Amino acid sequence: MRCRVAGLAVAASSLLGGCTWFQSNAMVTPPICDPSAFAQAAVLPLPPAAATRARPRKGVPLKVASSFPVGGGVNDIGSWTTMEEGVSAWRLRLVSANAKSMALHLKPFDLSDGTQLWLCTPDGDKQGPFTGKGPSGISELWSPALTGSELWVEVIAADKQRSDIQLGLKEVFAAFR
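The following refers to the structure shown. Note that the structure is a prediction, hence the values are computed from the model and not measured.

A few words on the nonpolar core. In this structure, L94, L104, L117, L167 and L169 are the most contacted members of the largest nonpolar core, which totals 30 residues. For this core, the elements supplying multiple residues, two or more each, are β8 (87-95), β9 (101-110), β10 (116-120), β14 (150-158) and β15 (166-175). Once you skip the residues sitting within four places of it in the chain, L94 turns out to touch L44, L46, M102, L104, S149, E150, L151, V153, L169 and V172. The next biggest cluster of nonpolar side chains, apart from the first, holds nine residues, and it includes A41, W118, C120 and W152.

What follows is the structure, encoded as structure tokens:
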């Protein structure tokens, strides 16, 4: 498997959990989900994840998560920062008190060539990279759930491709069970 990040050739490595950049014959782990970068990222606070009742009525499915509509994209929420010359990262922190895990519904999801989306938690869990039009190729992504009450979203792109990115955060799911 090969990856491309902002026009740089990179090779995939299952041992490192994703793509690795090769620069000047030195292998370096990409700065994905760096906690110091997310300390400066925009925060979107969500209502606390909360159960409406402890036991459902007979015939009613047990509710395990709250759904929060968002409706913003990379130009409306989050913030862009420069990682290095010609490469930028868009970051957003999502926080929902009491959440056991969080997941996203992204639509549209259309990332330009070489652009990657990563989902991370402060505990170091990562999912990604998500690329192109998503795993199903229909410009939509239903993300896997990551454990915790805070979810970090990071998009890494070449500066010249930022305007081509179509990414909308339709809703956030915060599980409370």
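The rest of the description comes next.
Turning our eyes to something else, we now look at empty space enclosed by the protein. Inspection of the entire model under this criterion finds two cavities of 30 Å³ or more. The computed volume of the second largest cavity comes to approximately 40 Å³. Sorting the residues of the lining of the second largest cavity by element identifies β6 (65-73), β8 and β15 as the ones contributing at least two each. Here the element with the most residues in the lining of the second largest cavity is β15; it accounts for three residues. Looking at the lining of the second largest cavity residue by residue, the classes come out as seven nonpolar, three polar and no charged.

The tally for this structure, following the rule as stated, stands at three salt bridges. In this structure, D110 and K133 form a salt bridge, with 3.0 Å as the shortest nitrogen-oxygen distance. Of the two residues, D110 sits in strand β9 while K133 sits in the loop between β11 (126-130) and β12 (141-142), which places them 23 residues apart along the sequence. For D110, a relative accessible area of 21% translates into the label partly exposed.

Analysis parameters
Note that residues are indexed from 1 along each chain, following the sequence as it is written. Two thresholds apply to this predicted model, a pLDDT of at least 70 for residue-level local features and 80 or more for giving and counting side-chain atom pairs, whereas whole-chain, interface and lining totals are computed over all residues. With hydrogens and water stripped out, all remaining heavy atoms of the structure feed into the side-chain values. Buried Ala, Val, Leu, Ile, Met, Phe, Trp, Tyr and Cys residues that are joined via side-chain atoms within 4.5 Å together make up what is termed a nonpolar core. Here the term buried applies to any residue with accessible area under 20% of the maximum for its type, exposed to any over 50%, and partly exposed to those in between, with areas from a 1.4 Å probe on protein chains only. Helix numbering and strand numbering both begin at the N terminus, where a helix is a DSSP run of H or I of at least 4 residues and a strand a DSSP run of E of at least 2. The contact definition used throughout considers only heavy atoms, calling two residues in contact when any of these lie within 4.5 Å. Buried and open spaces are told apart on a 1 Å grid over the protein atoms alone, a cavity being a set of points where a 1.4 Å probe fits but cannot get out and a pocket being an open set with protein on both sides within 12 Å along at least five of seven lines. Residues with an atom within 4 Å of a point are the lining residues. Grid points are joined across faces, edges and corners, and a volume is the space filled by probe spheres set on the points. Here the nonpolar group is Ala, Val, Leu, Ile, Met, Phe, Trp, Tyr, Cys and Pro; Asp, Glu, Lys and Arg are the charged ones; every other residue, Gly included, is treated as polar. The salt bridge definition used is simple: a Lys or Arg side-chain nitrogen within 4 Å of an Asp or Glu carboxyl oxygen.

This is a description of form; function is not addressed.
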